[in-house]
Amino acid sequence: MGVELAQDMGSTPDEIRDSLHSLHAQGLLLIADDGSLWLTVPPGTPHSAANGQWTFVEKKADAPELTAAD
């Protein structure tokens, strides 16, 4: 995914990896239980869910399809 994003954005794979890692470390980009990639709002932040749980804002990528080799 990082290589594909790098090509689309005109960035290097290392720059994309660093950006994705930073977003994930802040809790703003998470992988859901089904393997899909989501933009999120962490609990306890101003825009989080009222019940103190994660807010999944926008699905950015579907879960990868598994093949027999996986």
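The present account deals with the structure reproduced in this document. (Residues numbered from 1 in each chain as written. Predicted model: local features only at pLDDT ≥ 70, side-chain atom pairs only at ≥ 80, totals over all residues. Heavy atoms only, no water.)

1. A closer look at the packing of aromatic side chains
Argument step 1. Applying the stated criterion across every chain, the model contains one aromatic pair.
Argument step 2. Ring geometry for Trp38 against Phe56: centres 5.7 Å apart, planes inclined by 85 degrees, an arrangement best described as edge-to-face. Within this pair, whereas Trp38 is found in strand S2 (residues 37–41), its partner Phe56 is found in strand S3 (residues 55–61), the two being separated by 18 residues in sequence. (Phe/Tyr/Trp six-rings, centres within 6.5 Å; stacked < 30°, edge-to-face > 60°. Helix = DSSP H or I, 4+ residues; strand = E, 2+ residues; numbered from the N terminus.)

2. Considering the pattern of salt bridges
Argument step 1. Evaluation of the coordinates by the stated rule reveals four salt bridges.
Argument step 2. One salt bridge connects Asp14 with Arg17, and the closest N-O pair in it is separated by 2.9 Å. Here Asp14 and its partner Arg17 are both found in helix H2 (residues 13–25), three residues apart, which amounts to about one turn of the helix.
Argument step 3. Close ionic contact of Glu58 with Lys60 constitutes a salt bridge, the shortest N to O distance being 3.5 Å.
Argument step 4. One salt-bridge network, in which partners are shared between bridges, spans Asp14, Arg17 and Asp18. (Salt bridge = Lys/Arg side-chain N within 4 Å of Asp/Glu carboxyl O.)

3. Description of the sheet that holds S3
What holds strands together in a sheet is hydrogen bonding between their backbones, with the strands either parallel or antiparallel.
Argument step 1. Strand order in this open sheet of three strands is S1-S2-S3, and the pairing throughout is antiparallel. The outermost strands of the open sheet, each flanked by one partner alone, are strand S1 (29–31) and S3. Sheet twist, expressed as the average angle between the axes of neighbouring strands with direction ignored, equals 40 degrees.
Argument step 2. Pairing of S1 with S2 involves three bridges; the strand directions are antiparallel. In the strand pairing of S2, Ile31 is matched with Leu37. (Pairing = 2+ DSSP bridges. Axes fitted to C-alpha atoms, helices over the stretch in contact; angles between N-to-C directions.)

4. Topic: the pairing of S2
Argument step 1. Taking the residues that link successive antiparallel strands as the turn, the S1-S2 hairpin has five residues, and the phi of Gly35 there is positive, at about 95 degrees.
Argument step 2. Direction of pairing for S2 relative to S3: antiparallel, over a ladder of five bridges. Within S3, the position partnered with Val41 by the bridge is Thr55.

5. Thoughts on the environment of His21
Argument step 1. With respect to the secondary-structure elements, His21 resides in helix H2.
Argument step 2. A relative accessible area of 56% places His21 in the exposed class.
Argument step 3. Here the alpha-carbon distance between His21 and Asp62, two residues 41 residues apart in the chain, equals 18 Å. (Buried < 20%, exposed > 50% of the residue type's maximum accessible area, 1.4 Å probe, protein only.)

As far as function goes, none of this settles anything; it's purely spatial.
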